[in-house]
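Residues per chain, in single letters:
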Amino acid sequence: MEISAVNALLCPHCGSEFSTPDTNATSLACTSGHSFDIARQGYLNLLTGHGTKFVPDTAAMVSARDSFLDAGHYAPLAQALAETVKELVPGAGMIVDAGTGTGYYLQQVLAGYAENQESGLARSVTAMGMDISKFALRRASRRNPAALNIVWDLWRELPLGASTADVVLVVFAPRNASEFARILKPGGTLIVVTPLASHLAEIAQEAGLLGIQEDKEAALNHSLEEHFTPTGSRELLVPLHLGPADIGNVALMGPAGHHLDTVELGERLAHLPEETLATAAFRISTFTARHP
């Protein structure tokens, strides 16, 4: 378990720091004695009390997302994020992937640092991934064994000390502006990925995708303006060649996956051609945290 990341954690019960775990430990305890289980897959469950009112992604949704991402459809987005993070954190630092899912994007970010280490350039980063779905974190722990992967509800106070992160990465995940600003160091950066209104428009009906608001960028900036200053944004358009199975994975891997009728979905997919052309349309926005 990544010790630097553990040192940044705070106990959700009492706010105390955590003791350094032994090698192969099956739990993590704070200095006041509160203990939390480390799953055999490697992730840490810090959720306490009543848990969460939000419904975590199911095993089927997570499997669909992994299959779609592993096919490389969103590789250009992952590469763009990796380049952005490395520009912001060229040396040692902490990256928090808020809503890490299966850990795909964080894996690509960390791969760039691994390449630098292999070439003799010392660039040591600490990584932490948070997600509410245990099914997702099982996969994230396999993808990113060097990262500290935590079960957590992003809408709650984050179990991290103030000014501990250099970058917070949010890809299609909830945005807890006040908490992200609190954990970021002065001058730290929030990177947010959102879909453009035209994202996957060609398959939206077949996949039963939820609609995307036209003024999403303005809404994003407004939701963050109390704690962040926007520093830039770019659009990324990725042409896709999708088979019926790919479109089925798109349908199941997002929020609509909680509500889809799989029988009806199968009937729709059965009539699709062998290949459908579509465009993934993303906006990558960066913000600097404002501190008193």
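Cut-offs and rules
- Residues numbered from 1 in each chain as written.
- Predicted model: local features only at pLDDT ≥ 70, side-chain atom pairs only at ≥ 80, totals over all residues.
- Heavy atoms only, no water.
- Helix = DSSP H or I, 4+ residues; strand = E, 2+ residues; numbered from the N terminus.
- Rg over C-alpha atoms; globule rule 2.2 N^0.38 Å.
- Contact = heavy atoms within 4.5 Å.
- Areas by Shrake-Rupley, 256 points an atom, 1.4 Å probe, with all protein chains shown as cover.
- Polar contact = N/O pair within 3.5 Å; in protein donor to acceptor, adjacent residues only side chain to side chain.
- Disulfide = S-S within 2.5 Å.
- Buried < 20%, exposed > 50% of the residue type's maximum accessible area, 1.4 Å probe, protein only.
- Arc of directions from axis to C-beta.
- Core = buried A, V, L, I, M, F, W, Y, C linked by side-chain atoms within 4.5 Å.
- pLDDT = per-residue confidence, 0-100.
- Pairing = 2+ DSSP bridges.
- Axes fitted to C-alpha atoms, helices over the stretch in contact; angles between N-to-C directions.

K.L.:
Talk me through the overall build of the protein chain; I want residue IDs and the actual numbers.
P.N.:
Counting its secondary structure elements, the protein chain contains ten helices and ten strands. Rg of the C-alpha trace for the protein chain: 19 Å, near the compact-globule value of 19 Å for 292 residues, within the 12% margin. Dimensions along the principal axes, computed over C-alpha positions, put the protein chain at roughly 60 × 40 × 40 Å. Look at the contacts in the protein chain between residues 6 or more apart in sequence, and 68% of them connect residues 24 or more apart. Approximately 13,400 Å² of the protein chain is accessible, and the part contributed by carbon and sulfur atoms is 50%.

K.L.:
So what's going on with the environment of Gly72? Which residues, and what values?
P.N.:
Relative to the helices and strands, Gly72 is located in the loop between helix H2 (59–70) and helix H3 (75–88). It is 9.8 Å that separates the C-alpha atoms of Gly72 and Leu240, two residues lying 168 residues apart in sequence.

K.L.:
Report on the side chain of Asp57, specifying residues and quantitative values.
P.N.:
Topologically, Asp57 is positioned in the loop between strand S3 (44–45) and H2. There is a polar contact of 3.4 Å between the side chain of Asp57 and the side chain of His258. In contact with Asp57, not counting residues within four places along its chain, are Val62, Arg65, Ser133, Phe135 and His258.

K.L.:
Quick rundown of the state of the cysteines? Include the residues and the values.
P.N.:
In total, this model carries zero disulfides according to the counting rule given. Residue Cys11 stays outside any disulfide, its sulfur separated by 3.8 Å from that of Cys14, the closest cysteine. Relative accessible area serves as the criterion here: at 4%, Cys11 is assigned to the buried category. Of the residues examined, Cys14 reaches a relative accessible area of 37% and is grouped as partly exposed.

K.L.:
Explain helix H5 (residues 134–143) residue by residue, including any values.
P.N.:
For H5, every residue scored as buried is listed here: Ala136, Leu137, Ala140, Ser141 and Arg143. Angular distribution of buried residues about the axis of H5 spans 155°; they occupy a single face of the element. Its side-chain oxygen placed 3.3 Å from the backbone nitrogen of Phe135, Ser133 serves as the N-cap of H5.

K.L.:
Before we move on, could you go through helix H9 (residues 244–253) and cite the residues and values that matter?
P.N.:
Of all ten residues in H9, seven are buried, a share of seventy percent or more. Along H9, the residues classified as buried are Asp246, Ile247, Gly248, Asn249, Val250, Ala251 and Met253. Buried-residue contacts for H9 involve H2, helix H7 (204–207), strand S9 (228–242), helix H10 (262–270) and strand S10 (276–289).

K.L.:
An account of the nonpolar core is requested, with residue identities and associated values reported.
P.N.:
Counting 46 residues, the largest nonpolar core has Tyr74, Leu77, Leu81, Tyr105, Leu200 and Phe282 as the members making the most contacts within it. Apart from residues no more than four positions distant in its own chain, Leu200 is found in contact with Tyr74, Leu209, Leu240, Val250, Ala278, Thr279 and Ala280. Within the second largest apolar cluster, 39 residues are counted, among which are Leu9, Ile150, Ala177 and Leu224.

K.L.:
Requested: an account of the confidence of the model for the protein chain, with residues and values cited.
P.N.:
Looking at the protein chain, the pLDDT average stands at 89 and 94% of residues meet or exceed 70. No element of the protein chain has a lower mean pLDDT than H10, which averages 80, and none a higher one than strand S7 (residues 165–171), which averages 97.

K.L.:
Go over the sheet that holds strand S4 (residues 93–98) with me, naming the residues and quoting the values.
P.N.:
The strand order across the open sheet built from eight strands is S3-S6-S5-S4-S7-S8-S10-S9, with neighbouring strands paired in mixed fashion. Two strands lie at the open edges of the sheet, namely S3 and S9, each paired on one side alone. Bridge count for S3 against strand S6 (residues 148–151) is two bridges, and the pairing is parallel. Bridging from a neighbouring strand, Asn45 pairs with Val151 of S6. Across the sheet, H5 lies against S3, strand S5 (125–131) and S6, angled at about 175° from S6, the strand it touches most.

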